Structures are given as C-alpha cells and as structure tokens.
Amino acid sequence: MFSRHYKDLQPRTVAFARLSPYNGSIELSITTTTMFARINSTVARRLYSSHSSAAARNFTIADIHSKYKQGIPLTMCTAYDYITAGWVQQSQCDMLLVGDSLAMTSLGYDSTTELPFEEFKYHVKSVARAPGPSLIVADMPFGTFEQSHSYGIANAIDLMKLSSRVASVKVEVGPHTRDTYTLEFVRKLCERGIPVMAHIGLTPQRANALGGFKVQGNKSAEEIVELCETAQMLERAGCWASVIECIPQRAAKYITDHVGIPTIGIGAGSGTSGQVLVIADMLGMQEGKVPKFVKKYGDLGDSASKSLRQYIDEVESRVFPRAPEHTFKIKDSIWEEFEQQMKLRDR
Ligand SMILES: Nc1nc(=O)c2c([nH]1)NC[C@@H]1CN(c3ccc(C(=O)N[C@@H](CCC(=O)O)C(=O)O)cc3)CN21
Ligand SMILES: CC(C)C(=O)C(=O)O
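Residues numbered from 1 in each chain as written. Chains lettered and ligands numbered in written order. Predicted model: local features only at pLDDT ≥ 70, side-chain atom pairs only at ≥ 80, totals over all residues. Heavy atoms only, no water.

As recorded in an unreviewed UniProt entry, the protein chain goes by 3-methyl-2-oxobutanoate hydroxymethyltransferase and comes from Maudiozyma humilis. A UniProt comment under Function (unreviewed entry) is attached to the protein chain, and it reads "Catalyzes the reversible reaction in which hydroxymethyl group from 5,10-methylenetetrahydrofolate is transferred onto alpha-ketoisovalerate to form ketopantoate." Under the Pathway (unreviewed entry) heading, UniProt states for the protein chain: "Cofactor biosynthesis; (R)-pantothenate biosynthesis; (R)-pantoate from 3-methyl-2-oxobutanoate: step 1/2." (UniProt positions renumbered as here; feature names shortened; annotations may be inferred.)

Asker: Would you mind going over a nonpolar patch on the surface with me for this structure?
Answerer: Judged by side-chain polarity, L308, Y311, I312, V315 and F320 come together as a nonpolar surface patch covering roughly 430 Å² of accessible area. With respect to the element layout, I312 can be found in helix α12 (residues 300-316). Relative accessible area serves as the criterion here: at 31%, I312 is assigned to the partly exposed category. (Patch = residues over 30% accessible without salt bridge, like charges linked within 9 Å, V, L, I, M, F, W, Y side chains within 5 Å. Areas by Shrake-Rupley, 256 points an atom, 1.4 Å probe, with all protein chains shown as cover. Salt bridge = Lys/Arg side-chain N within 4 Å of Asp/Glu carboxyl O. Helix = DSSP H or I, 4+ residues; strand = E, 2+ residues; numbered from the N terminus. Buried < 20%, exposed > 50% of the residue type's maximum accessible area, 1.4 Å probe, protein only.)

Asker: Before we go on, may I ask you to explain helix α7 (residues 180-191) in this structure?
Answerer: An α-helical segment advances 3.6 residues per turn. Residues three or four places apart therefore align on the same side. With 12 residues, α7 should reach 16 Å at 1.5 Å per residue; the first-to-last C-alpha distance of 16 Å fits that figure. Listed in full, the buried residues belonging to α7 are T182, L183, F185, V186, L189 and C190. What you see down the axis of α7 is that its buried residues fit within an arc of 160°, all on one side. Away from its buried face, by an angle of more than 90 degrees, α7 presents the exposed residues T180 and E191. In this structure, the buried residues of α7 make contact with α6 (149-162), β7 (166-172), β8 (196-201) and α9 (221-237). Directly beyond the C-terminal end of α7, a positive phi value near 80° is found at G193. (Expected span 1.5 Å × (residues − 1). Arc of directions from axis to C-beta. Contact = heavy atoms within 4.5 Å.)

Asker: For this particular structure, what's the right way to read the sheet that holds β8?
Answerer: With parallel pairing, 8 strands are arranged side by side around a closed barrel as β4-β5-β6-β7-β8-β9-β10-β11. Averaged over all adjacent pairs, the angle separating strand axes in this sheet is 25°, with direction ignored. Across 3 bridges, the pairing between strand β4 (residues 74-78) and strand β5 (residues 95-98) is parallel. Bridged to T78 within β5 is L97. (Pairing = 2+ DSSP bridges. Axes fitted to C-alpha atoms, helices over the stretch in contact; angles between N-to-C directions.)

What follows is the structure, encoded as structure tokens:
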C-alpha cells in the first residue's frame, strides 16, 4: 500500500494506489486518512492471516513494470531477517531487498566485502519465510561472482534455490569501460532466465577502488556519459531494473529518462522511478550517523534502549513482574496438598 498527499485535495484526503496481489492490476482510490487506515488494516489482515495466506500472491516483475509504466513511484526497502522482513511485507512495500548492507547494519562487519556467502544465505532464508506480497531481491555479495562467470552463475542459482520467493538477484556493476567482466556476467544470468537487478553509481563492494563511500558522477561530464551508457548497456543485457546509488539528482533523472527499465534510486534524488532505503537507517534502529540521503522515519533504536532501561529498573526495584497480570495461579487445594507432602518428606 502506498499513498501520496495531493496538494489540490482536501488536507485530510489521500489518494492511494496499490498493486492488487490478486490480478496484478493497479487499484486507485481516494479516501480520507482515517478510512485509509481502516482499509489498510483490513487488507493486511486478509493477506497475512495464517489461514488465508494461500489466497494472496506475491508481486511479480510484471506487476512492478506495470506500475513503472503508469509512472507511479516504486518502493523498495531492505530487510535482513524474519522480523524486519515481516515489517516490510506488512507495509506492502513493492520490493524487499536482502542487501549485503546486512554485513554492516545487522552483523557488525566493517564492510560488505567481509560477508561470508553462507551467512548471507542464512539471512535470505529467514527473510523469505515472512509472508506478504513484496517482491524479494537477493544481493550477489562480494566474492560470489568475481572469480569466474560459471562460479557466479552457480551462486546465483544457489540464491534462487533458497526459496521460491527469491524473484531476482542484484549485481553491482562498475563503469562499462572498466567492467566488461560484470556486464558479460549479467548478460549470461539474464540469458539463463535469472532475473537481474543491476546496481550502478556508488557500488559499496568496490568502495576501496572508489576511494570510500563517495558520490559518483559529479566530477566530469565523461563520468556521467559513462554511467548513462552503462545503464543502457545493462538494459540491453536484459536487466529488469537498476539501482542507482549516490549520484547527482540531475544525472539520475537523465539516466531514468533514457532507459526503458525502472531505476531505483538511493541518494539519487526524486527523478528515479523508485526509491530504496536501508531499513536500519530509515527506522533509526542504530546509534550513529546515517548517510546524508537518508530520511529517518522512526527512532526504534532509541525506543528500544529506553524500554530496556525501564525493564532493568523495574526488575531491580521489584516492580516487575507483578501479580496477577504477569503470573500464574494454582488452586489452594493443590497447594495445600503439596505442602502436606513436603512436610511428610521433611520428617
Ligand atoms: N547503514 C547503511 N546504509 C547504507 O545506505 C549503506 C550501508 N549501510 N552500507 C553499504 C552502503 C554504504 N553506503 C553509503 C554510506 C555513506 C555514504 C555517505 O554518507 N557519503 C557521503 C560522505 C562521503 C565522505 O565522507 O566523503 C558523500 O558525500 O558521499 C554513502 C553511501 C550505502 N550503503
Ligand atoms: C543500499 C542498497 C541498495 C544495497 O545495495 C544494500 O542494502 O546492500
């Protein structure tokens, strides 16, 4: 479910559209915000009740393309486990990315390049177990495709086989003048029917080569030409979408206008076909700085710390647990019998 406020409508009126999980059509309607909340929860219940989940179906690449062709912004968010994936799925985000940023946000590694493939796969499986309509995309982590195309193809197949719900892999691709290897790899995956979402611009797996997490495509006209050509070559190679990370807004809009597949921006402004954010950043799950392009929609980390502090205080001051709400009872007659038995034993 996604909603947008329109300035020309009443303040409390919302126009919203959703991809129907039943027939792939776009449902558009106008309602008040209170009604919106009610409909939203009804739809969520219908989709996520464990008894009726068979009725729902997952968004497909065709659904995403149909929304893209209608010019409706696409939404993607990362998730790293069953809990976070459940949140993303319940919000009916179009796409859910199991990104290798998992390494830094959830597993405490200093970079995404350290992440072992086995650890990544374990997380993909837990994400895929969360029910809901969002289309699941799994990253190809560093080291899973660089040594040879055949090794990379085998690993992409491995990812797709983790769950029938993994619908696509994502591959970070360097500028085409220097990275013919990955462009060719992507082509081979597409030829084999493995859907590929490309990722260009700031590609964190190449952060060392790029000199850190730096904006791309802002140094020279040639750099933008190269990014644009790379995006077009990836489309020709068969990619169904491209993530564009950390490039100037004007460059991202230009690329979006000159390719025929959706662009999903992160730090690329509003001219892309859609947006992606890292869930830990946008929900404020962790302390510390977030990248400039992030908008924090929540403060979960803060709220968690406060709750834990209160729990500790209440245990130490014997406020928690309290009878009767947190405790279980036993019949007086059973208890008396127990005490009798113990007395006999003590003799
Ligand atoms: N939590 C998190 N969020 C992310 O978006 C994210 C990760 N982790 N890990 C993998 C990559 C790294 N990303 C990042 C991280 C920081 C900037 C950033 O703030 N860049 C600034 C400062 C660069 C500098 O200090 O020179 C820039 O202006 O480019 C960009 C992308 C995006 N990805
Ligand atoms: C930031 C997104 C696009 C990503 O690649 C990741 O989460 O790994």
